[in-house]
Every structure is written in C-alpha cells, then in structure tokens.
Amino acid sequence: MADKIKDAKIIFVVGGPGSGKGTQCEKIVAKYGYTHLSSGDLLRAEVASGSERGKQLQAIMQKGELVPLDTVLDMIKDAMIAKADVSKGFLIDGYPREVKQGEEFEKKIGKPCLLLYVDAKAETMVKRLLKRGETSGRSDDNEETIKKRLDLYYKATEPVIAFYEGRGIVKKVDSELAVDDVFGQVSKAIDAL
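In this text the structure is predicted, and so the values were computed from the model without any measurement.

A. Structural detail: the overall build of the protein chain. Counting its regular elements, the protein chain contains eight helices and five strands. From first element to last, N terminus to C terminus, the protein chain shows the α and β order β-α-β-α-α-α-β-α-β-α-α-β-α. Its C-alpha radius of gyration of 17 Å places the protein chain within 12% of the 16 Å reference for a compact globule of 193 residues. Taken over the C-alpha atoms alone, the protein chain extends approximately 45 × 45 × 30 Å along its principal axes.

B. Molecular detail of the pairing of strand β4 (residues 114-119). Of all six residues in β4, six are buried; the element is thus mostly enclosed. Residues Leu114, Leu116 and Val118 line one face of β4 and the alternating positions Leu115, Tyr117 and Asp119 line the opposite face, and both faces are buried. Bridge analysis of strand β1 (residues 10-15) against β4 gives five bridges, and the strand direction is parallel. Bridge assignment links Gly15 to a residue of β4, and that residue is Val118. When β4 meets strand β5 (residues 170-174), the two strands line up parallel, connected through five bridges. If you follow Leu116 over to β5, its bridge partner there is Lys171.

C. Here's a closer look at the sheet that holds β4. Overall, parallel pairing links the five strands, which are arranged β2-β3-β1-β4-β5 in an open sheet. One side of each edge strand has no neighbouring strand; the edge strands of this open sheet are β2 (35-38) and β5. Strand-to-strand twist across the sheet, computed as the mean angle between neighbouring axes with direction ignored, equals 25°. Against the sheet, helix α2 (residues 39-49) engages β2 and β3 (90-93), with an angle of about 75° to β2. Helix α8 (residues 179-191) rests against β1, β4 and β5 of the sheet, and its axis sits at about 165° to β5.

D. Structural context of the packing of helix α6 (residues 122-136) against helix α7 (residues 143-165). It is the contact of α6 with α7, at a shortest axis distance of 10 Å, that shows an interaxial angle of 135°. Taken as axis vectors, α6 and α7 run oblique relative to one another. The handedness of the crossing between α6 and α7 comes out as right-handed. For the pair formed by α6 and α7, the contact residues are Ala122, Met125, Val126, Leu129, Leu130 and Arg132 on the first element and Glu143, Ile146, Arg149, Leu150, Tyr153 and Tyr154 on the second.

E. Structural detail: the UniProt feature "binding site: AMP" (unreviewed entry) in the protein chain. The positions UniProt marks with the feature "binding site: AMP" (unreviewed entry) are Ser39, Arg44, Glu65, Leu66, Val67, Gly94, Tyr95, Pro96, Arg97, Gln101, Arg138 and Arg149. Taken along the chain, the residues just named run across 111 residues; in space they spread out, the farthest C-alpha pair reaching 27.8 Å. Of the annotated positions named here, the largest pocket is lined by Ser39, Arg44, Glu65, Leu66, Val67, Gly94, Tyr95, Pro96, Arg97, Gln101, Arg138 and Arg149. Within the secondary structure layout, Leu66 lies in the loop between α3 (52-62) and α4 (69-83). Secondary-structure assignment places Val67 in the loop between α3 and α4. In this view, Val67 contacts Leu43, Leu57, Ile60, Met61 and Val72; residues no more than four positions away in its chain are not counted.

F. Examining the packing of α2 against α3 more closely. Where α2 contacts α3, the two axes come as close as 7 Å, and the packing angle between them is 115°. The interaxial crossing formed by α2 with α3 has left-handed handedness. When α2 is examined against α3, the residues Leu43, Glu46 and Val47 are found in contact with a partner set consisting of Arg53, Gly54, Leu57, Gln58 and Met61. Residues belonging to the contact of α2 with α3 are distributed by class as follows: four nonpolar, two polar and two charged.

G. Region of interest: the layout of surface pockets. Here the largest pocket defines a volume of roughly 1,800 Å³. Lining the largest pocket are 50 residues, and of these Lys21, Ser39, Gly40, Gly94 and Arg97 sit closest to its centre. Taken together, the residues of the lining of the largest pocket sort by class into 20 nonpolar, 17 polar and 13 charged.

Conventions and cut-offs
- Residues numbered from 1 in each chain as written.
- Predicted model: local features only at pLDDT ≥ 70, side-chain atom pairs only at ≥ 80, totals over all residues.
- Heavy atoms only, no water.
- Helix = DSSP H or I, 4+ residues; strand = E, 2+ residues; numbered from the N terminus.
- Rg over C-alpha atoms; globule rule 2.2 N^0.38 Å.
- Buried < 20%, exposed > 50% of the residue type's maximum accessible area, 1.4 Å probe, protein only.
- Pairing = 2+ DSSP bridges.
- Axes fitted to C-alpha atoms, helices over the stretch in contact; angles between N-to-C directions.
- Contact = heavy atoms within 4.5 Å.
- Parallel < 35°, antiparallel > 145°, perpendicular 65-115°, else oblique.
- Left-handed = near helix turned anticlockwise from the far one by under 90°.
- UniProt positions renumbered as here; feature names shortened; annotations may be inferred.
- 1 Å grid on protein atoms, 1.4 Å probe; cavity = no way out; pocket = protein on both sides within 12 Å on 5 of 7 lines; lining within 4 Å.
- Nonpolar A, V, L, I, M, F, W, Y, C, P; charged D, E, K, R; others polar.
- Points joined across faces, edges and corners; volume = space filled by probe spheres on them.

This is the structure we're talking about:
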C-alpha cells in the first residue's frame, strides 16, 4: 500500500495563522490537482467520526495534551494512501512543527520536494485574524490569544525552515501581496518541480 505514495510529490506548507496559506492551498488544489491535508483537520474529522482512534484522540486533546507523533503520521499516511490514485501530489499543511517530525515523516512516508513558506509580517497576521474574528465567531481570534499563537508559531517553525533551507528546498513567498500575486509566486515554485 505504501508503495502507492513512495514517489508522490509532497509539499510541506508552512505559514503562520492568518498568513493566507489556507487560501493558497485552495488555489493549488484547484490548479494542480493536489490533495490538501491538514493535520488539524484530520484530527478533528477522526474525533467527529466516533471511531475507536477518534475516542482516544478526544481524550488526549481534552486533557490539553499533544497527540502522539506516530498517530498523526499514521493518519496523514492513511489519508495519502486513500487519495493516491486520484492525486497529483500532496500539500501537507501545518506539519512538521519541529525538525523531528519532519525526519519521522520522511522515514515513514517520504521526502518533501518543496517547503512552501507563506510569509507575512506579524502585524499583518494579527490584523487578518482580528478581522476574521469579527465574522468567524472563533474564540481564539482575539488579540492576546493571537499574539501567543504567533509566538508559538515562530519558535516552532524557525528551526524547521532552517533545516530544509539547508537542503535547498525552501521557497518563501511574500504573502503581503494581493492573493493572485502571491499565487503567481507559488505557481512558479510548483512549475519548477
């Protein structure tokens, strides 16, 4: 089964909350036929399914603990195998959050051909998230929580980006621009693969 995804094109997508990476992922899916997999969405879907694994995950998350790395990887791998026949490639979103996760991913699944870094200034992300909070009703879209989330994001992702820069596969796009201009940069990076 895992052979099906051995040669798959894998892109890690990294970007802070409010960086616009969700929008860019949607555009990549539409233009290139990739499958967009977000570890957070997979976890939420598993819990909602009421499966045995979902129940265990819910218990872990309710305690505020982190879901074990192996579990997250298994879920990503299962989702990739399920879509292998119809997908041109995979966007792995919000993962890896640390270098060790990237290394484990490569051992169990495969190597990324690109790390797409959707970069926006901190104040831009704060503004976008506050704006989203006006309409989303998400309780975590308030200024104090947003700043905490950004701090955590920077601390976690800087080493990851540095690690893959060492391999020469990081493409940083400037997400301060208009959505279509950002996608222009993204397309160039994917077309070069």
